Amino acid sequence: MSDDEKIDNRVRSMRKARGLTQANLGELLGVSRQTINAIENGRYEPGLRLAFDIARVFSARIEDIFRPTRRGAESSDWDAIMMVVPDEIAAGPVRLRPHRRSDLAGFQRFVTDPASTRFMAFTDEQKTPGGAAAMIDAVIASYETDAPILSLTIADRATDEYLGAAGGADTGNGAVEVFVTLLAEARGRGHARAAMETLMTHLFERCGAKVLHADTVRENDASVALFERLGFEKEGDVVREATEGPFAHRDMSGVRYVMTRANYDRRARR
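Keep in mind it's a predicted model, so treat the numbers as computed, not measured. (Residues numbered from 1 in each chain as written. Predicted model: local features only at pLDDT ≥ 70, side-chain atom pairs only at ≥ 80, totals over all residues. Heavy atoms only, no water.)

### Quick look at the packing of helix 6 (residues 104-111) against helix 8 (residues 129-142)
As a packed pair, helix 6 and helix 8 sit with axes 9 Å apart at the nearest point and diverge in direction by 125°. One element, helix 6, and the other, helix 8, form an angle in the oblique class. Here helix 6 and helix 8 pass one another in a crossing that is right-handed. Contact residues: helix 6 offers Leu104, Phe107, Gln108 and Val111, while helix 8 offers Pro129, Ala132, Ala133, Met135 and Ile136. Per-class residue counts for the contact of helix 6 with helix 8 are eight nonpolar, one polar and no charged. (Axes fitted to C-alpha atoms, helices over the stretch in contact; angles between N-to-C directions. Helix = DSSP H or I, 4+ residues; strand = E, 2+ residues; numbered from the N terminus. Parallel < 35°, antiparallel > 145°, perpendicular 65-115°, else oblique. Left-handed = near helix turned anticlockwise from the far one by under 90°. Contact = heavy atoms within 4.5 Å. Nonpolar A, V, L, I, M, F, W, Y, C, P; charged D, E, K, R; others polar.)

Here it is in structure tokens:
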């Protein structure tokens, strides 16, 4: 690193997103509160070992927490959400984990079932076995990139069988659009709620989301009921224009439900 560069960090925002005090983080890392304070305020640049330990505590990459900037330049924007793909998260009778190629048959059954996709904005091409394969392959490939797609399998906790999917997309300004889908035989058993509650915690606590959006068609009674039971508030009408690319979608009009971090925290304290 040249003399005209310094290391900026987002330790403060990540610590606060997880509800930790400087003393709490210091205890986890085996350093003093004063050291954490100095790191957050740019008075101390940690060595590689401490930087690795900080990344481990936050389940993140070092480059997501520390990066060089030119001295005298404006501070980097550290408000971007860090879409962390977890190894696995237990969610009652199910678990959330990254997609695997072995999930393809289950995903193909879902997207080729007209009853399952009647309220969804999939294109005709996506609602084919080949379209399903292209989508799941693109997600799996993204896991190894700097911009992973947070789409996860909802798997039976005992058998690891594919039951559906849940995830979220960064839409800017701290907002994440969330989704959840289930195979027909997995519905009516509380799996969608268990998966979404777990995903909400992951997005707020580990990814630093400030607000979650759920866009749904009004006629999708099950989806509307789910988000209302979860405490999402109806914000109003939403219209989405068609897009192209690997994750293209058709035009969609419906209603948006919203969960803010403040409302999530209030519900968590009950």
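### Quick notes on the pairing of strand 10 (residues 252-260)
Where strand 8 (residues 211-216) meets strand 10, six bridges bridge the pair, whose relative direction is antiparallel. Within strand 10, the residue paired with Thr216 across the bridge is Val255. (Pairing = 2+ DSSP bridges.)

### A word on the nonpolar core
If you look at the biggest cluster of nonpolar residues, it comprises 51 residues, and the most contacted ones within it are Ile54, Phe58, Ile65, Val178, Leu203, Leu212 and Phe232. The dominant element in this core, judged by the number of residues it contributes, is helix 9 (residues 191-205), at seven residues. Grouped together as the second largest cluster of nonpolar side chains are 12 residues, Phe110, Phe122, Ala133 and Met135 included. (Core = buried A, V, L, I, M, F, W, Y, C linked by side-chain atoms within 4.5 Å. Buried < 20%, exposed > 50% of the residue type's maximum accessible area, 1.4 Å probe, protein only.)

### Remarks on the pairing of strand 7 (residues 175-182)
Across the eight residues that make up strand 7, a large majority, six, are buried. Of the pairings in the sheet, the one linking strand 6 (residues 162-172) to strand 7 comprises eight bridges and is antiparallel in character. When the bridges of strand 7 are listed, Asp170 appears paired with Val176. Counted along the chain from strand 6 to the antiparallel partner strand 7, the turn is two residues long, and its residue Asn173 has a positive phi close to 55°. Sheet analysis places strand 7 next to strand 8, joined by three bridges and oriented parallel. Residue pairing in the sheet places Glu177 in a bridge with His213 of strand 8. Regarding the hand of the β-α-β motif, the stretch spanning strand 7, helix 9 and strand 8 is right-handed. (Right-handed = clockwise from strand over helix to strand, strands pointing away.)

### Looking at the sheet that holds strand 9 (residues 233-240)
The strand order across the open sheet built from eight strands is 3-4-5-6-7-8-10-9, with neighbouring strands paired in mixed fashion. Each edge of the open sheet carries a strand with a single partner, namely strand 3 (89-91) and strand 9. Pairs of neighbouring strands in the sheet enclose a mean axial angle of 30°, with direction left out of account. The pairing of strand 9 with strand 10 spans seven bridges and is antiparallel. Counted as the bridge partner of Val239 is Ser253 from strand 10. Seen against the sheet, helix 11 (residues 261-269) touches strand 9 and strand 10 and runs at an angle of roughly 55° to strand 10.

### Section: the environment of Ala23
Tracing the sequence through the fold places Ala23 in helix 2 (residues 22-29). For Ala23, a relative accessible area of 32% gives the class partly exposed. In the structure, Ala23 is positioned 12 residues away from Thr35 in sequence and 9.6 Å away in space, judged by C-alpha atoms.

### Structural notes on the packing of aromatic side chains
Going through the model one piece at a time under the given rule, you end up with two aromatic pairs. Look at Phe227 and Phe232: their rings are 5.0 Å apart centre to centre, the planes differ by 70°, and that puts the pair in the edge-to-face class. (Phe/Tyr/Trp six-rings, centres within 6.5 Å; stacked < 30°, edge-to-face > 60°.)

### Considerations on unusual backbone geometry
Despite not being glycine, Asp160 shows a phi value in the positive range, around 70°. Counting through the fold element by element, Asp160 comes out in the loop between strand 5 (150-156) and strand 6. Phi at Asn173 takes a positive value of approximately 55°, unusual for a residue other than glycine. The topology assignment puts Asn173 in the loop between strand 6 and strand 7.

### Some points on helix 4 (residues 48-57)
For helix 4, the full list of buried residues reads Leu50, Ala51, Asp53, Ile54 and Ala55. Looking one or two places after helix 4, you find Ser59, whose phi comes out positive at around 50°.

### Some words on the packing of helix 2 against helix 4
The contact between helix 2 and helix 4 brings their axes to 10 Å, and the two run at 115°. By the angle between their directions, the pair helix 2 and helix 4 is classed as roughly perpendicular. In terms of crossing hand, the pair formed by helix 2 and helix 4 is right-handed. Each of Leu25, Leu28 and Leu29 in helix 2 lies in contact with helix 4, whose residues at this interface are Leu50, Asp53, Ile54, Arg56 and Val57.

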